Amino acid sequence: MRQRVVLITGAGGEIGHSLINRLGNDPDRPVITLDLNPLAPSLAGRVRFHYTGSILDAQLLDRILAEYQVERIFHLAALLSTRSEFAPVTAHRVNVEGTMTMLDFAQKQAESHGHPVVFMYPSSIAAFGMPNLSIKQQAGAVLEDDFNHPTTMYGCNKLYCEHLGRYYARHYKQLASENLAGKVDFRCIRFPGLISAFTVPSGGTSDYGPEMIHAAAKGTPYACFVRLDTRIPFMTMPDAVEALLKFADAPREKLTRTVYNLKAFSPTAEEFAQMTKRFFPDAVISTQLDAKRQGIVDSWPADVNDEAARRDWGFDPQHSFEQAFTDYLVPQLRKSGQSAGH
Ligand code: SER
């Protein structure tokens, strides 16, 4: 009999890193991972098996299908927004074809064991496209179904894959049924910018937030690539990982949507810099605008309405903007020795 496991793709990325550490070595829920690169030694010991390879490798996925009974997938592999603008064809291949391949894999898994496969998909605020800055400023906290006209390759990829997932969950081969046995149970979170104390993102556009605080902790100057009045929502990585796990465990019948907005706080880049300087008074933060990246964040909402997630599956982030610093970022950065010694 095949062993029942949870599969994480893109496991070596930022969310994967925290998710693996959070899931630990739970014998009741062993984890297998897939990433283009070998896992860092600190993570490798925490998973049952790691496959080094691509989500686009059909033979590799067939091998996983034969070896394991996958009942839950965290499909985290993706190119982030800035990188996707520079390599749109690769972005489409990884973000769209990769997700399609994984959805098809999930469908085959579900058919093979007759249980639903919970497919956790991290979408993004990039799925929104605010028409201009004045509408962005007036729109307030936007609902999931508003402003769905992304202006980036990454945003288009994410929005389309939200639809693909909904198709697999609700309409696959037009076999509409509320009974998800043997089907894909697709669940999607639109994440805001994420901030981890342990890793820094690469190739994203919300990166200025985490980059600023990590630079301050290391005592290196930081040139912020967006205007100081730029505002988008953020949350801490522990809150993001708890949300993924809580949402994955939520009873299906409580879910009124496929796609849920989440956020914990929405500071401007200036508020970010001020809070960083409060804890790292010697931080040197300047601005050096990058017009392309500015355009990307200007197209993302200043705030999102996450009432549906709070109501349906109890989303309840622990870190406000200030608590993100006092209870998580600053203590962890100091503990891990990244701090410049304040
Ligand atoms: N953090 C991501 C990015 O900046 C958005 O989901 O690309």
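Predicted model only: the values in this text are computed from it and were never measured.

Caption draft 1: Molecular detail of the overall build of the protein chain. Helices and strands together make up the secondary structure of the protein chain, namely 13 helices and 13 strands. For 342 residues, the compact-globule formula gives about 20 Å, and the C-alpha radius of gyration of the protein chain, at 20 Å, lands near that figure. Projecting the C-alpha coordinates of the protein chain onto the three principal axes gives extents of approximately 60 × 45 × 40 Å. In the protein chain, buried positions account for 57% of the 342 residues. Once local pairs closer than 6 in sequence are excluded, the contacts in the protein chain between residues at least 24 apart make up 77%. Working note: accessible area of the protein chain is about 14400 Å², and carbon and sulfur atoms make up 52% of it. Side-chain charges of the protein chain comprise 35 positive and 37 negative groups, with the mean position of each set lying 2 Å from the other.

Caption draft 2: Just helix H7 (residues 153-170), in detail. Under the 1.5 Å per step criterion, the end-to-end length of H7 is 26 Å for 18 residues, consistent within 8% with the ideal 26 Å. Of the surrounding elements, those touching the buried residues of H7 are helix H4 (81-86), helix H5 (88-113), strand E5 (117-124), strand E7 (184-191) and strand E11 (259-261).

Caption draft 3: Highlighting the site of the ligand. With respect to spatial proximity, the complete set of residues near the ligand consists of Leu80, Ser81, Ser124, Tyr154, Gly204, Thr205, Ser206 and Trp300. Within the side chain of Ser81, an N or O atom sits 2.5 Å from an oxygen atom of the ligand. Here an oxygen atom of the ligand sits 2.6 Å away from a polar atom, N or O, in the side chain of Ser124. Put simply, the ligand lies in the largest pocket. Residues belonging to the shell around the ligand are distributed by class as follows: three nonpolar, five polar and no charged.

Caption draft 4: Representation of the pattern of salt bridges in the model. In total, this model carries 18 salt bridges according to the counting rule given. With a closest N to O distance of 3.6 Å, Asp249 and Arg29 form a salt bridge. Separated by 220 residues along the polypeptide, Asp249 in helix H9 (residues 237-249) and Arg29 in the loop between helix H1 (14-23) and strand E2 (31-35) bring together distant segments of the chain. The class of Asp249 is partly exposed, set by a relative accessible area of 48%. Owing to a relative accessible area of 36%, Arg29 belongs among the partly exposed residues under this scheme.

Caption draft 5: A look at the environment of Arg231. Considering the arrangement of structural elements, one finds Arg231 in the loop between strand E9 (222-224) and strand E10 (234-236). Residue Arg231 is classed as partly exposed on the basis of its relative accessible area, which comes to 31%. Linking Arg231 and Asp298, residues 67 residues apart in sequence, is a C-alpha distance of 8.2 Å. Setting aside anything within four residues of it in sequence, one finds Arg231 in contact with Lys136, Ser266, Pro267, Thr268, Glu271, Pro301 and Ala302. A distance of 2.6 Å separates a polar atom in the side chain of Arg231 from the backbone oxygen of Ser266.

Caption draft 6: Inspection of the sheet that holds strand E3 (residues 49-52) at higher detail. Strand order in this open sheet of seven strands is E3-E2-E1-E4-E5-E7-E11, and the pairing throughout is parallel. What marks the edges here is a single partner per strand, and that holds for E3 and E11. Taken pair by pair, the neighbouring strands of this sheet meet at an average axis angle of 20°, ignoring direction. One ladder, built from eight bridges, connects E5 with E7; its direction is parallel. Among the inter-strand pairings, Val117 is bridged to a residue of E7, identified as Val184. Of the strands in this sheet, strand E1 (3-9), E2, strand E4 (68-75) and E7 are in contact with H1, which crosses E1 at around 150°.

Caption draft 7: Seen up close, the layout of surface pockets. A volume near 1000 Å³ is recorded for the largest pocket. If you go around the largest pocket, you meet 45 residues; those closest to its centre are Gly13, Leu76, Ala78, Leu79 and Leu80. At the level of secondary structure, the elements contributing two or more residues to the lining of the largest pocket comprise H1, E2, H4, H5, E5, H7 and strand E8 (193-195). Across the lining of the largest pocket, the residue classes tally to 23 nonpolar, 17 polar and five charged. Approximately 220 Å³ is the volume attributed to the second largest pocket. Every residue along the wall of the second largest pocket is listed here: Arg4, Val5, Val6, Asp28, Arg29, Glu71, Arg72, His115, Pro116 and Val118. Of all the secondary-structure elements, those providing two or more residues to the lining of the second largest pocket are E1 and E4.

Caption draft 8: H5, seen in detail. Compared with an ideal rise of 1.5 Å per residue, which puts 26 residues at 38 Å, H5 spans 36 Å between its outermost C-alpha atoms and is within 8% of the ideal. At Gly98, H5 is bent by approximately 25°, the largest bend along its length.

Caption draft 9: Looking closely at the packing of H5 against H7. Look at H5 against H7: their axes get within 10 Å of each other, and the N-to-C directions meet at 15°. Relative to H7, the element H5 lies roughly parallel. Where H5 crosses over H7, the handedness of that crossing is right-handed. When H5 is examined against H7, the residues Pro88, Ala91, His92, Asn95, Val96, Thr99, Met100, Leu103, Asp104 and Gln107 are found in contact with a partner set consisting of Met153, Tyr154, Asn157, Tyr160, Cys161, Leu164, Gly165 and Tyr168. Here the residues of the contact of H5 with H7 are counted per class, giving eleven nonpolar, six polar and one charged.

Thresholds, definitions, all that
Residues numbered from 1 in each chain as written. Predicted model: local features only at pLDDT ≥ 70, side-chain atom pairs only at ≥ 80, totals over all residues. Heavy atoms only, no water. Helix = DSSP H or I, 4+ residues; strand = E, 2+ residues; numbered from the N terminus. Rg over C-alpha atoms; globule rule 2.2 N^0.38 Å. Buried < 20%, exposed > 50% of the residue type's maximum accessible area, 1.4 Å probe, protein only. Contact = heavy atoms within 4.5 Å. Areas by Shrake-Rupley, 256 points an atom, 1.4 Å probe, with all protein chains shown as cover. Lys, Arg positive; Asp, Glu negative; His and termini not counted. Charge placed at Lys NZ, Arg CZ, Asp CG, Glu CD. Expected span 1.5 Å × (residues − 1). Near = heavy atom within 4 Å. Polar contact = N/O pair within 3.5 Å; in protein donor to acceptor, adjacent residues only side chain to side chain. 1 Å grid on protein atoms, 1.4 Å probe; cavity = no way out; pocket = protein on both sides within 12 Å on 5 of 7 lines; lining within 4 Å. Sits in = over half its atoms within 2 Å of the grid points. Nonpolar A, V, L, I, M, F, W, Y, C, P; charged D, E, K, R; others polar. Salt bridge = Lys/Arg side-chain N within 4 Å of Asp/Glu carboxyl O. Pairing = 2+ DSSP bridges. Axes fitted to C-alpha atoms, helices over the stretch in contact; angles between N-to-C directions. Points joined across faces, edges and corners; volume = space filled by probe spheres on them. Bend = angle between axes of the 7 residues up to and from the residue. Parallel < 35°, antiparallel > 145°, perpendicular 65-115°, else oblique. Left-handed = near helix turned anticlockwise from the far one by under 90°.

Remember that the coordinates give geometry; whether it matters functionally is a separate question.
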